[in-house]
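Coordinate analysis (summary)
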Amino acid sequence: MSNVVIVGTQWGDEGKGKITNALATCADFVVRFQGGANAGHTVTVNREPIVFHLLPSGISVPGVSCVIGPGVVVDPLGLVEEIDRVREAGISVGENLLIDVGAHMVLPYHKAIEAAEEERLGGSAIGTTLRGIGPTYADHTSRTGLPIGLLASFDAFRAAFETEATRKNEILTRLYGRDPLDVAEMLEILEAAAERLRPHLSDTPDILREALSQNRNVLFEGAQGTLLDIAFGTYPYVTSSFTSAAGVSAGTGVPPRMVGDIVGIAKAYVTRVGSGPFPTELFDKDAEIIRDRGAERGSTTGRPRRCGWLDMVALRYAVAVNGIRRLVITKMDVLDTFHRIPICVAYEIDGKRTETFPRTSEELRRAKPVYETFPGWDADTSGARTEAALPDKAMDYLRTISEMAGVEIAAVSVGAAADAVVEFTRIL
Ligand code: IMP
């Protein structure tokens, strides 16, 4: 298989970045196909954690070309800052970064409008990352967005930006009662960012199709997770892009028949940041243990993550939506101290048991988890690097997940370090 899609099966933060980074040593290309700087992919480079928001998680691996595809929304100012930050950490960003000309730009007015809208929503806010993601995709769809290719000629960009920024200022002042943004000031900082990003602008679908036809190894790095997908997630508490595998073609220009195997990433438990239904959410001491042991705080916003037990109804749904055949289970070591581990095997909704994931958030909100409890392994798994080094009960937990999800478990991650993985089958 020359290309693999890495996709989150929960509400994001499953560890896609770490797995992508580990697999990148075998890849020629690592490609982001959706989302933007709302992602926070933490990888360990030279024993230090580093968070990538827009840069694909292969950027630290020499010889790998990293592509920001046309389905991604790019904050030019944030990307320049991120490039500077990772360079300080000794990572080189040059010809190894290709930004597709069709990727739409997140501009300062998108962030301002999002902040105003979330504040207006008050108690019913989505709890977004405030990275301007929703407003940028909305502009893209309503044909008022600005693709990053416009930066090739700053004069062309300036004209389009002035028109749109003036319109956005009307929305900010008239609808939200906010101060207008200073158009000239924004243009000045954007011009500096444009200079920096121009050398990276590229026609990436062509490059990727060519690479795939030559059987080069390509990793498609999903961001967020299936349950945050704009079409198949827990709408409206979702992000604004197609986070599931269906997003790969539209977000890269690679035809569907060329897309290879889909590998799902699932934490050994579940977390969620922001608002929205979460049937297995815990509010007791167990939630605190998971949050502490798993360092469950948003890597983009620093917000504490909501924590709960593994939800097989949701996981089976994600397997079905994406066509997943193999799963990687991450953060297994976080469960090391539990004597008993419940897994949600069904929901009870309005007194009826179901194993089907509801398609509306209203119904999901009424879902009560039905648990089966499994024995914990009560042992430190963080040093395990082989199947033999994993406790029997930990292997039983993995087998249970595999049987219930109807897919193979390809690997398990037992810590933040890049090598803290037990690989059962070769992924790429
Ligand atoms: P947005 O993507 O910033 O619009 O946020 C929409 C929803 O998706 C919010 O609930 C966010 O907390 C969530 N979200 C967005 N990106 C991530 C992520 O990378 N990990 C986890 N949750 C995310």
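Turning to the site of the ligand, a few remarks are in order. Around the ligand, 15 residues are found, and the nearest of them are Asp-13, Asn-38, Thr-129, Thr-239 and Val-273. Side-chain polar atom of Asp-13 to a nitrogen atom of the ligand: 3.0 Å apart, as the coordinates give it. Backbone polar atom of Val-273 to an oxygen atom of the ligand: 3.0 Å apart, as the coordinates give it. Isolated, the ligand exposes 470 Å² of accessible area, and the fraction of that covered by the protein chains is 97%. Of the residues contributing to the shell around the ligand, the split by class is six nonpolar, seven polar and two charged.

The subject of this paragraph is helix α5 (residues 154-175). For an α-helix the count is 3.6 residues per turn, leaving residues at separations of three or four pointing the same way. Along its 22 residues, α5 runs 30 Å from first to last C-alpha, staying within 8% of the 32 Å computed at 1.5 Å per residue. Buried residues of α5: Phe-154, Phe-157, Phe-161, Glu-164, Ala-165, Lys-168, Asn-169 and Leu-172, and no others.

Per the stated rule, a full pass over the model turns up eight aromatic pairs. Residues Tyr-347 and Phe-357 carry aromatic rings whose centres are separated by 6.4 Å and whose planes lie at 50° to one another, so their mutual orientation is tilted. Placement of Tyr-347 in strand β16 (residues 340-349) and of Phe-357 in the loop between β17 (352-354) and α11 (361-365) is noted, with a sequence separation of 10 residues between them. The pair Tyr-347 / Phe-357 is uniform in exposure class, with both members buried. A network of ring pairs unites the aromatic residues Tyr-109, Phe-154, Phe-157 and Phe-161 as a single cluster.

Okay, the packing of helix α3 (residues 108-121) against helix α4 (residues 133-141) next. Interhelical geometry of α3 versus α4 gives an angle of 115° and a closest axis separation of 7 Å. Both α3 and α4 take part in a crossing whose hand is right-handed. The segment α3 lies against α4, with Tyr-109, His-110 and Glu-114 engaging Ile-133, Pro-135, Thr-136 and Asp-139.

For the rest of this paragraph, the subject is the packing of α5 against helix α6 (residues 183-197). Contact geometry of α5 with α6 gives a least axis separation of 11 Å together with a crossing angle of 145°. Of the two elements, α5 crosses α6, and the hand of that crossing is right-handed. Along the contact surface, α5 presents Phe-154, Phe-157, Arg-158, Phe-161, Glu-162, Ala-165 and Asn-169, while α6 presents Val-183, Met-186, Leu-187, Leu-190, Glu-191 and Ala-194. Broken down by class, the residue content of the contact of α5 with α6 amounts to nine nonpolar, one polar and three charged.

The next point concerns the side chain of Thr-239. Along the polypeptide, Thr-239 turns up in the loop between β10 (218-221) and α8 (247-252). A relative accessible area of 10% places Thr-239 in the buried class. Excluding anything up to four places from it in sequence, Thr-239 contacts Asn-38, Ile-133, Gln-224, Leu-228 and Ile-230.

With that settled, the discussion passes to the sheet that holds strand β11 (residues 261-267). Ordered in space as β9-β7-β5-β2-β10-β1-β11-β15-β19-β20, the 10 strands form an open sheet in which the pairing is mixed. Single-partner strands in this sheet number two, and they are β9 (201-202) and β20 (421-423). Sheet analysis places β11 next to strand β15 (residues 326-330), joined by five bridges and oriented parallel. Each bridged residue has a counterpart across the sheet, and for Val-263 the counterpart in β15 is Arg-326.

Turning next to unusual backbone geometry. The step from Tyr-235 to Pro-236 runs through a cis peptide bond, and the omega angle for that step is 5°. Mapped onto the elements, Pro-236 comes out in the loop between β10 and α8. Even without a glycine there, the phi angle at Arg-47 is positive, about 65°. With respect to the helices and strands, Arg-47 occurs in the loop between β3 (41-45) and β4 (48-52). Judged by relative accessible area, which is 79%, Arg-47 ranks as exposed. In the Ramachandran plot, Asn-215 falls in the positive-phi region, its phi being about 60° despite a non-glycine side chain.

Structurally, the position occupied by Thr-271 is in strand β12 (residues 270-272). A distance of 3.1 Å separates a polar atom in the side chain of Thr-271 from a polar atom in the side chain of Lys-267. Apart from the residues within four sequence positions on either side, Thr-271 is in contact with Trp-11, Gly-12, Asp-13, Phe-278, Glu-296, Arg-305, Arg-306 and Cys-307.

Attention now goes to helix α7 (residues 204-213). For α7, the full list of buried residues reads Thr-204, Pro-205, Leu-208, Ala-211 and Leu-212. In an axial view of α7, the angular spread of the buried residues amounts to 130°, which keeps them on one side of the axis. Directly after α7, the chain includes Asn-215, whose backbone phi takes a positive value near 60°.

Let us now look at the environment of Glu-164. Tracing the backbone shows Glu-164 in helix α5. When neighbours within four sequence positions are excluded, Glu-164 is seen to be in contact with Tyr-109, Asp-139 and Thr-144. For Glu-164, the side chain forms a polar contact with the side chain of Arg-167, separated by 3.0 Å.

This part covers a negative patch on the surface. Taken together, Asp-182, Glu-185, Glu-188 and Glu-191 make up a surface patch of like negative charges. One can find Asp-182 in the loop between α5 and α6. Residue classification places Asp-182 among the partly exposed positions, given a relative accessible area of 42%.

Another point: the domain arrangement of the protein. Domain boundaries in the protein define domain 1 (4-101 + 206-261), domain 2 (105-197) and domain 3 (264-423). Computed over C-alpha atoms, the centres of domain 1 and domain 3 are 23 Å apart. Between domain 1 and domain 3, the contact holds 33 residues from the first and 42 residues from the second. When the two sides are added together, the surface that domain 1 and domain 3 hide from each other amounts to roughly 2800 Å², 54% of it contributed by carbon and sulfur.

Calculation criteria
Residues numbered from 1 in each chain as written. Predicted model: local features only at pLDDT ≥ 70, side-chain atom pairs only at ≥ 80, totals over all residues. Heavy atoms only, no water. Near = heavy atom within 4 Å. Polar contact = N/O pair within 3.5 Å; in protein donor to acceptor, adjacent residues only side chain to side chain. Areas by Shrake-Rupley, 256 points an atom, 1.4 Å probe, with all protein chains shown as cover. Nonpolar A, V, L, I, M, F, W, Y, C, P; charged D, E, K, R; others polar. Helix = DSSP H or I, 4+ residues; strand = E, 2+ residues; numbered from the N terminus. Expected span 1.5 Å × (residues − 1). Buried < 20%, exposed > 50% of the residue type's maximum accessible area, 1.4 Å probe, protein only. Phe/Tyr/Trp six-rings, centres within 6.5 Å; stacked < 30°, edge-to-face > 60°. Axes fitted to C-alpha atoms, helices over the stretch in contact; angles between N-to-C directions. Left-handed = near helix turned anticlockwise from the far one by under 90°. Contact = heavy atoms within 4.5 Å. Pairing = 2+ DSSP bridges. Arc of directions from axis to C-beta. Patch = residues over 30% accessible without salt bridge, like charges linked within 9 Å, V, L, I, M, F, W, Y side chains within 5 Å. Salt bridge = Lys/Arg side-chain N within 4 Å of Asp/Glu carboxyl O. Lys, Arg positive; Asp, Glu negative; His and termini not counted. Charge placed at Lys NZ, Arg CZ, Asp CG, Glu CD. Domains from an automatic or database assignment. Buried area = accessible area lost by both parts, 1.4 Å probe.

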